[in-house]
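# What the coordinates show
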Amino acid sequence: QVQLAESGGGLVQNGGSLRLTCAASGRTPASFFMGWFRQGSGKEREFVAAIGWHGGTTYYANSVEGRFTISRDTVKSMMFLQMDNLNPDDTAIYYCASIRPNSPHPTQLTEYEDWGQGTQVTVSS
C-alpha cells in the first residue's frame, strides 16, 4: 500500500495559480500511473490529470487541458499539479491517487486504489 499526502491547497483569486504536491511513502509507487482527482461540493469525484510514473505520459480532463500541468519526481516519490488561470469552477477538494498495478485505464476513478486525504482549493470570483 502507498501512503499519499497532498499539500499546497488554499484560497486564490480568479485567474490565479496554485501548485499542489503529493508525497508518497511506504511502498514505492510502482504502479504505472498516478493521478489527481477533485470533488466539488455536491458533485461527484472527477478525473483531473494522470501521469505515467516511469514514462511520464500525461492525460488531462478537457476542462483543465492547457491550464493544469502534471509532473512527478521519481527520486523523491512526489507528484505535482501546477494549476494556472484558475476559475471558480475549479473550487474543490483535490486528491492524489495511485492506480492499481497494471491497470491501463489512467482516467478511470475506479481503477485507483490508494488515496490521499485531499487538499482544499478555493477560487474566489
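## Quick word on the environment of Arg100
By secondary structure assignment, the location of Arg100 is in the loop between strand E9 (92-99) and strand E10 (112-115). Owing to a relative accessible area of 37%, Arg100 belongs among the partly exposed residues under this scheme. Spatially, the C-alpha atom of Arg100 lies 9.8 Å from that of Gln1, the residues being 99 residues apart in sequence.

## A few points about the state of the cysteines
Put plainly, two cysteines are in a disulfide when a covalent bond ties their sulfur atoms together. Overall, the coordinates contain 1 disulfide when judged by the stated rule. The disulfide partner of Cys22 is Cys96, and the S-S distance across this bridge is 2.1 Å. Its S-S torsion of about 60 degrees marks the bond between Cys22 and Cys96 as right-handed, since a negative value means left-handed. With a gap of 74 residues between them, Cys22 in strand E3 (residues 18-26) and Cys96 in strand E9 connect regions that are remote in the sequence. Exposure remark for Cys22: the relative accessible area of 1% places this residue in the buried category. Judged by relative accessible area, which is 0%, Cys96 ranks as buried.

Procedures and definitions
Residues numbered from 1 in each chain as written. Predicted model: local features only at pLDDT ≥ 70, side-chain atom pairs only at ≥ 80, totals over all residues. Heavy atoms only, no water. Helix = DSSP H or I, 4+ residues; strand = E, 2+ residues; numbered from the N terminus. Buried < 20%, exposed > 50% of the residue type's maximum accessible area, 1.4 Å probe, protein only. Disulfide = S-S within 2.5 Å.

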